[in-house]
Amino acid sequence: MRRRLVRLGTTLLLGWGAPIGSAHALCGTPDVVDTLPPDGQALVPTNTPLSASYELGALHQGESVIVTAAPGERHELAASYSRALKSLVVTLPCAGGSPDCSEDPDFPGGLLKPDTEYTVEWPGLRADATARAGRGASVSFTTSSGPDTSSPSFEGTLGVRWDFEREFDSCSDTESERYVFDVKVSPPAYAGGAELLTMHVFQTAGRLLEKDANGNGIPEEVHRGRYQGSEWIRVRQPIATGFGEVCFSAFAEAPNGLISQGSETEACTRTEHPPFFEGCSFAGLGRRSSTGELWLLGVAGLVFVRWRSRVASPNPRARSEPTAN
Amino acid sequence: MLLGAAAPLAAAAQACARTDLNPGDIETGEAREPNSVDDAGAPEPDAQIPEPDADVEEDADVEDPDVVPPDECEPTGTETCNGIDDDCNGMVDDLPAVACADGGFSYCVRGAMSECPRECQTCMPGSETICFVSYCYFWGKQTCSGDGKSLSGCIEEPPPSACKEIAIDHQKSRQLEQCCIDQGHCCKDDFDLDNDGSTRDYVGNCVEVTCGDD
């Protein structure tokens, strides 16, 4: 028993002292998180670009996007990836109206064909050349009778509320702390369907915003995503960026590239400094608290086993002690 | 330090008139927007936004745009990004987006052009920097979080063999930071070895950490 305990203790202590490594391997994969148009969308204007958003920055190695127009043929189309936007956009045949382009009947004039069902297979991309590919996506949608050239309407931000979040980050193997802002927005409207709008949210005030020549904060885009039908848009900011007086503005962008009004308004709040209570572990700020808890558990286990062995001892004095009192 | 830095924000705070509300106030909907409706409180179930459980604050005092009624508006020229309806078309700063060199666009937001989108906000997810501590190994590592928005705390670890003697002899020092740089790491510039007046930045081989910004 004692030998087993020594082995257990040695294992725990070695585990405690072991260097922290291999954080890179757990940094996730660039999965597709949303697409434009979304799956199942009806009446999509024919001038809607095809794009997919990825969770993480990825390396685009020429992966093509497969687009099928029912009952037409399957097209392997080239796409361009923006690392800044983390999005892949399909280049439709004859897009831009090149005069020497042999027109494809599934993409007349470089647009989608009216009243047609399309299926798009988005590729999973890799974070780097050696990593495994992330999850792709397959979506279907139907087009409307033609293009849409109208502007979206949007009144802007209506308010903001905040909270504090501390979550384990598998990438850095530590807990990361974030302010969570829920920005309330007025419902946007668009003739082609509000579900096709992209919402842009900007932080317009904050202690770490870059300043212009007049000392005014330069707005920084903190959220860009398709309108999900909710009046709340969630933004996570690091502590340094989200502390103090923080303001947000927003606008909506239609697939045709036209943007709404609404960014003239802003909603503000003042955050308080988060508590830095680390819980009952031996780990300091940013340390692996799970290891500390394991260590504590191991010590408690040793004490418990030692106590058990004493209680179970054949020594008659030890057994008689409780009744003697 | 953080609290001290909040003082210069007084001007910004004044520009944004605030009315702090408790969660209960949100639910009862002290309507300040003309088209406010009864559901002004909790997010919809499909929004996948859990109800915050503490210190929730809403500031619905939204600063209105500088819009002048069309009959009172005097055109001052072509529309520019200044928060004013210069051409009196009823729309403030209705300007096209400006394409950015590395993708994405810069937009006119509240009278100022926004920053171009960046590949990462603070650091490349999973990238590592070297930091220095005042005890034991005097050497540590910070790792960028999965969302690229922050670096972890400094996790102590043994220095590489080339810097081991320096760490023993000089502990946390300029010499150790220089050794870090010489070993090809991206290093916390605690001793301002780049002479830029800041000890909060990083020096050395930081291209893969800062998305090429440095």
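Note that this is a predicted model, so its numbers are computed, not measured.

1. A look at the overall build of chain B
Of the regular secondary structure elements, chain B holds 5 helices and 9 strands. The helix and strand sequence of chain B, counted from the amino end, reads α-α-α-β-β-β-β-β-β-β-α-α-β-β. A total of 214 residues make up chain B; the buried ones form 39% of that total. In chain B, once contacts between residues fewer than 6 apart in sequence are set aside, the share between residues at least 24 apart is 32%. Carbon together with sulfur atoms contributes 51% to the accessible area of chain B, which is approximately 11,600 Å² in total.

2. Comments concerning the sheet that holds strand 11 (residues 198-205) of chain A
All names here are of chain A. Sheet architecture is open: 4 strands sit in the order 12-11-14-15, paired in antiparallel fashion. Looking along the sheet, the strands with just one partner apiece sit at the ends: strand 12 (220-226) and strand 15 (267-271). Along the sheet, successive strands turn relative to each other by an average axial angle of 25°, direction set aside. Relative to strand 15, strand 14 (residues 244-253) is paired through 5 bridges, and the arrangement is antiparallel. Within strand 15, the position partnered with glutamate 245 by the bridge is arginine 270.

3. What about the state of the cysteines?
All names here are of chain B. Scanning the model with the defined rule gives 9 disulfides over all chains in all. Residue cysteine 163 pairs covalently with cysteine 179 via a disulfide, S to S 2.0 Å. Note on the cysteine 163 and cysteine 179 pair: the S-S dihedral is about -95°, so by sign convention the disulfide is left-handed. Linking cysteine 163 in helix 4 (residues 161-170) with cysteine 179 in helix 5 (residues 174-182), this pair joins segments that are 16 residues apart in sequence. Take cysteine 163 and cysteine 179: they sit in the same class, and that class is buried. You can see cysteine 136 has no disulfide; the closest cysteine sulfur is in cysteine 154, sitting 12 Å from it.

4. Remarks on the pattern of salt bridges
Inspection of the entire model under this criterion finds 17 salt bridges over all chains. The partner of A:Arg236 in a salt bridge is A:Glu165, with the nearest N and O atoms 2.9 Å apart. Of the two residues, A:Arg236 sits in strand 13 (residues 232-238) while A:Glu165 sits in strand 9 (residues 157-169), which places them 71 residues apart along the sequence. We classify A:Arg236 as partly exposed; its relative accessible area is 32%. We note a salt bridge from B:Arg118 to A:Glu220, for which the minimum N-O separation is 2.6 Å.

5. Description of the pairing of strand 6 (residues 87-90) of chain A
Residues and elements named next belong to chain A. Across 3 bridges, the pairing between strand 2 (residues 51-54) and strand 6 is antiparallel. Among the inter-strand pairings, alanine 52 is bridged to a residue of strand 6, identified as leucine 88. When strand 5 (residues 79-82) meets strand 6, the two strands line up antiparallel, connected through 4 bridges. What sits directly across from alanine 79, in strand 6, is valine 90. Linking strand 5 to strand 6, which pair antiparallel, is a turn of 4 residues; within it lysine 86 sits at a positive phi near 55°.

6. Focus on unusual backbone geometry
Residue and element names in this part refer to chain A. Look at the link from leucine 36 to proline 37: it is a cis peptide, with omega at -5°. Mapped onto the fold, proline 37 is located in the loop between strand 1 (32-36) and strand 2. The linkage connecting alanine 70 with the following residue, proline 71, adopts the cis geometry, with an omega of -5°. The residue proline 71 is located in the loop between strand 3 (65-69) and strand 4 (74-77) in this model.

7. A few points about the sheet that holds strand 6 of chain A
All names here are of chain A. Strand order in the open sheet made by the 4 strands is 1-2-6-5, with antiparallel pairing throughout. The open sheet is flanked by strand 1 and strand 5, the only strands paired with a single partner. With direction set aside, neighbouring strand axes in the sheet form an average angle of 20°.

8. Topic: the confidence of the model for chain A
Looking at chain A, pLDDT values average 80 and 74% of them are 70 or higher. Here helix 4 (residues 316-324) of chain A stands out as the least confident element of chain A, with mean pLDDT 33; strand 7 (residues 117-122) of chain A is the most confident, with 98.

9. What to know about the nonpolar core
Residues and elements named next belong to chain A. One finds Leu50, Tyr54, Val65, Val67, Val120 and Trp122 to be the most contacted residues of the largest nonpolar core, which totals 25 residues. Elements with a contribution of two residues or more to this core: strand 1, strand 2, strand 3, strand 5, strand 6, strand 7 and strand 8 (137-142). Residues within four places of tryptophan 122 in sequence aside, it is in contact with Val32, Thr35, Leu50, Ser51, Ala52, Tyr54, Val65, Leu88, Val90, Gly136, Ala137 and Val139. Counting residues in hydrophobic clusters, the runner-up holds 24 residues, among them Val160, Val183, Ala194 and Ala267.

Calculation criteria
- Residues numbered from 1 in each chain as written.
- Chains lettered and ligands numbered in written order.
- Predicted model: local features only at pLDDT ≥ 70, side-chain atom pairs only at ≥ 80, totals over all residues.
- Heavy atoms only, no water.
- Helix = DSSP H or I, 4+ residues; strand = E, 2+ residues; numbered from the N terminus.
- Buried < 20%, exposed > 50% of the residue type's maximum accessible area, 1.4 Å probe, protein only.
- Contact = heavy atoms within 4.5 Å.
- Areas by Shrake-Rupley, 256 points an atom, 1.4 Å probe, with all protein chains shown as cover.
- Pairing = 2+ DSSP bridges.
- Axes fitted to C-alpha atoms, helices over the stretch in contact; angles between N-to-C directions.
- Disulfide = S-S within 2.5 Å.
- Salt bridge = Lys/Arg side-chain N within 4 Å of Asp/Glu carboxyl O.
- pLDDT = per-residue confidence, 0-100.
- Core = buried A, V, L, I, M, F, W, Y, C linked by side-chain atoms within 4.5 Å.

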